[in-house]
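Residue strings, one per chain:
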Amino acid sequence: MIPFALSIVVPTALGFLSEEKVPDEQAGVQWAIFERHPYLIALCSVMAICAICNALLGILFFHEKLLQMIFALSASLLLAVLAFLWLPRMLACCNLYMFMAHVLYINLSGALDYWYTADPDCVPGGPNFDYTYYITYTTIVGAVSGLVGISVFQHYLSGWSFRPLFWIGTILGVIGATFDLFIIYRLNLKVGIPDEWFYVSGNAVLRPILGAAAHMPAIVLTSKLVPKGLESTTYALLAGFQNFGSVVSSQIGVFVTKAVGIKTSDGECNFDNFATLVLIAHCLLPLLAIPLTFVLIPDKRMTDVILDAEKYDLDPADSSLPNAGG
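Residues numbered from 1 in each chain as written. Predicted model: local features only at pLDDT ≥ 70, side-chain atom pairs only at ≥ 80, totals over all residues. Heavy atoms only, no water.

## Overview of the overall build of the protein
Part 1 of the argument: The helix and strand inventory of the protein stands at 15 helices and 0 strands.
Part 2 of the argument: Counting every position in the protein, which comprises 326 residues, the buried fraction comes to 39%.
Part 3 of the argument: Nonlocal contacts in the protein, meaning residues at least 24 apart in sequence, comprise 78% of its contacts between residues at least 6 apart.
Part 4 of the argument: With an accessible surface of roughly 17900 Å², the protein has 66% of that area assigned to carbon and sulfur atoms. (Helix = DSSP H or I, 4+ residues; strand = E, 2+ residues; numbered from the N terminus. Buried < 20%, exposed > 50% of the residue type's maximum accessible area, 1.4 Å probe, protein only. Contact = heavy atoms within 4.5 Å. Areas by Shrake-Rupley, 256 points an atom, 1.4 Å probe, with all protein chains shown as cover.)

Okay, structure coming up:
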């Protein structure tokens with residue numbers, strides 16, 4: 001992967017990114033930014049500390065899943081409160097929604113992967129997918145469907161309002177989870193559809209499209225919320241909080257998987273409550289994100305100007321900024 005990551009060096013070195021070189025007198029640390037936007041810098045610092053502590057907690061207390069989850073939830077609450085105290089309301093609202101959208105879709109990927117690929121001794125009568133099919137074939141199908149999803153989004157959905165686009169992403173995620181439930185309950189076999197065909201025509205196709213439907217409006221909205229001159233810092237803050245939401249979702253998923261008695265290690269295997277867990281975590285809880293859009297996401301189209309770059313300032317006391325629900 002390193003050669004692919006280093007590929008950005010060539011266009012950067014050749015000046016293809018068309019960025020102007022910073023004058024020598026402006027090189028170095030821009031202390032004026034710290035003085036003008038102390039709340040933003042402070043929030044970024046707190047988030048960095050929380051992320052580092054969360055990582056250390058996972059390393060030093062690897063088996064203490066409850067402790068990890070409690071810390072992640074506490075840190076999330078702290079960051080959300082500080083965001084509303086230290087950032088403009090609209091920025092804080094959108095930040096909170098995209099965080100909650102990640103958290104409400106509790107990550108059960110580890111248990112799902114194990115269930116799909118477990119041998120007959122662990123999951124009698126299960127799909128028992130081999131790794132070549134589960135990783136290689138479905139990834140190819142997913143890559144193609146992901147390109148189709150991006151193309152459809154660009155040509156047909158790019159002028160929509162943000163709220164319906166987030167609804168579509170949520171609903172597609174629930175539909176994809178429904179395919180999982182059909183296979184877990186073995187309903188596809190009752191109608192004569194083999195596991196391989198049902199999975200590759202359902203979840204393997206919908207998950208990448210879900211990724212496009214969920215991430216594209218989030219990326220566009222995030223890019224429209226960053227002020228001029230602080231694009232990198234603000235975008236990193238918003239994206240970092242979203243990524244922290246994914247981490248929290250995974251930690252909750254690991255804890256609840258263990259709490260309901262599902263076992264996938266140490267030679268033990270138990271999936272007695274798996275279907276119920278998937279139903280709650282992937283079908284019911286994500287739907288709570290839909291009503292949140294009415295209070296946290298602006299009623300704007302993706303092509304609209306959300307913030308006036310000339311008047312926008314990262315001052316939490318700036319009452320001239322529009323509210324998210326407006």
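## Description of the side chain of Asn95
Part 1 of the argument: Mapping Asn95 onto the fold places it in helix H6 (residues 89-104).
Part 2 of the argument: Given a relative accessible area of 4%, Asn95 falls into the buried group.
Part 3 of the argument: When near neighbours in sequence (up to four residues on either side) are disregarded, Asn95 contacts Ala83, Leu238 and Phe241.

## What about H6?
Part 1 of the argument: If you check H6, its first and last C-alpha atoms are 22 Å apart, about what 16 residues at 1.5 Å a residue would give, namely 22 Å.
Part 2 of the argument: What H6 keeps buried is the set Met90, Leu91, Ala92, Cys93, Cys94, Asn95, Tyr97, Met98, Phe99, Val103 and Leu104. (Expected span 1.5 Å × (residues − 1).)

## Thoughts on the pattern of salt bridges
Part 1 of the argument: Summed over the entire model, instances satisfying the criterion amount to 1 salt bridge.
Part 2 of the argument: Close ionic contact of Asp195 with Arg186 constitutes a salt bridge, the shortest N to O distance being 2.6 Å. Residue Asp195 shares its accessibility class with Arg186, and that shared class is buried. (Salt bridge = Lys/Arg side-chain N within 4 Å of Asp/Glu carboxyl O.)

## Structural notes on a nonpolar patch on the surface
Part 1 of the argument: Nonpolar side chains collect at one region of the surface, where Ile52, Leu56, Ile59, Leu60, Phe61 and Leu67 lie side by side and expose about 610 Å² of accessible area between them.
Part 2 of the argument: For the nonpolar patch, the element with the highest residue contribution is helix H4 (residues 38-60), accounting for 4 residues.
Part 3 of the argument: Inspection of the secondary structure puts Leu60 in helix H4.
Part 4 of the argument: According to the relative accessible area criterion, Leu60 is exposed, its value standing at 61%. (Patch = residues over 30% accessible without salt bridge, like charges linked within 9 Å, V, L, I, M, F, W, Y side chains within 5 Å.)

## Things to note about the packing of aromatic side chains
Part 1 of the argument: Enumeration according to the criterion identifies 18 aromatic pairs in this entry.
Part 2 of the argument: Between Phe99 and Phe241, the aromatic rings sit 4.6 Å apart at their centres with planes inclined by 20°, giving stacked as the arrangement. Linking Phe99 in helix H6 with Phe241 in helix H13 (residues 231-259), this pair joins segments that are 142 residues apart in sequence. For the pair Phe99 and Phe241, a shared accessibility class is recorded, and that class is buried.
Part 3 of the argument: The interplanar angle of 55° and the centroid separation of 5.7 Å between the aromatic rings of Phe129 and Tyr199 together place this pair among those described as tilted. You can see Phe129 sitting in the loop between helix H7 (109-117) and helix H8 (131-157) and its partner Tyr199 sitting in helix H11 (residues 195-201), a full 70 residues away along the chain.
Part 4 of the argument: By relative accessible area, Phe129 is classed as buried at 3%.
Part 5 of the argument: By the ring-pair criterion, three or more aromatic residues cluster together here, those being Tyr114, Trp115, Tyr116, Phe129, Tyr133, Tyr134, Tyr137, Tyr199, Phe271 and Phe274.
Part 6 of the argument: The ring of Phe62 carries the charged tip of Lys65 above its face, separated from the ring centre by 4.1 Å. (Phe/Tyr/Trp six-rings, centres within 6.5 Å; stacked < 30°, edge-to-face > 60°. Lys NZ or Arg CZ within 6 Å of the ring centre and 35° of its normal.)

## So, the side chain of Thr138
Part 1 of the argument: Turning to its location among the elements, Thr138 is positioned in helix H8.
Part 2 of the argument: With relative accessibility at 8%, the residue Thr138 sits in the buried group.
Part 3 of the argument: Filtering out sequence-adjacent residues up to four positions away, Thr138 remains in contact with Tyr133, Tyr199 and Ala204.

## Section: the environment of Ser145
Part 1 of the argument: One can find Ser145 in helix H8.
Part 2 of the argument: Taking C-alpha positions, Ser145 is 6.3 Å from Pro208, a pair spaced 63 residues apart along the chain.
Part 3 of the argument: In this view, Ser145 contacts Ala204, Val205, Pro208 and Ile209; residues no more than four positions away in its chain are not counted.

## A few points about the state of the cysteines
Part 1 of the argument: According to the stated counting rule, one finds 1 disulfide in the structure shown.
Part 2 of the argument: Not engaged in a disulfide, the cysteine Cys53 finds its nearest cysteine sulfur in Cys50; these two sulfurs lie 6.7 Å apart. (Disulfide = S-S within 2.5 Å.)

## Some points on the environment of Ser45
Part 1 of the argument: By the element assignment, Ser45 lies in helix H4.
Part 2 of the argument: Taking relative accessible area as the criterion, Ser45 reaches 37% and is therefore assigned partly exposed.
Part 3 of the argument: Distance in space between the C-alpha atoms of Ser45 and Leu237 is 9.7 Å, their sequence separation being 192 residues.

## Here we look at the packing of H6 against H13
Part 1 of the argument: Interaxial distance between H6 and H13 falls to 7 Å at its minimum, and their mutual angle equals 30°. With respect to their mutual orientation, H6 and H13 come out roughly parallel. Handedness of the crossing formed by H6 with H13: right-handed. Between H6, through Leu91, Asn95, Met98, Phe99, His102 and Val103, and H13, the contact on the second element is made entirely by Thr234, Leu238, Phe241, Gln242, Phe244, Gly245, Ser246, Val248, Ser249 and Ile252.
Part 2 of the argument: Among the residues forming the contact of H6 with H13, the class breakdown is 9 nonpolar, 7 polar and no charged. (Axes fitted to C-alpha atoms, helices over the stretch in contact; angles between N-to-C directions. Parallel < 35°, antiparallel > 145°, perpendicular 65-115°, else oblique. Left-handed = near helix turned anticlockwise from the far one by under 90°. Nonpolar A, V, L, I, M, F, W, Y, C, P; charged D, E, K, R; others polar.)

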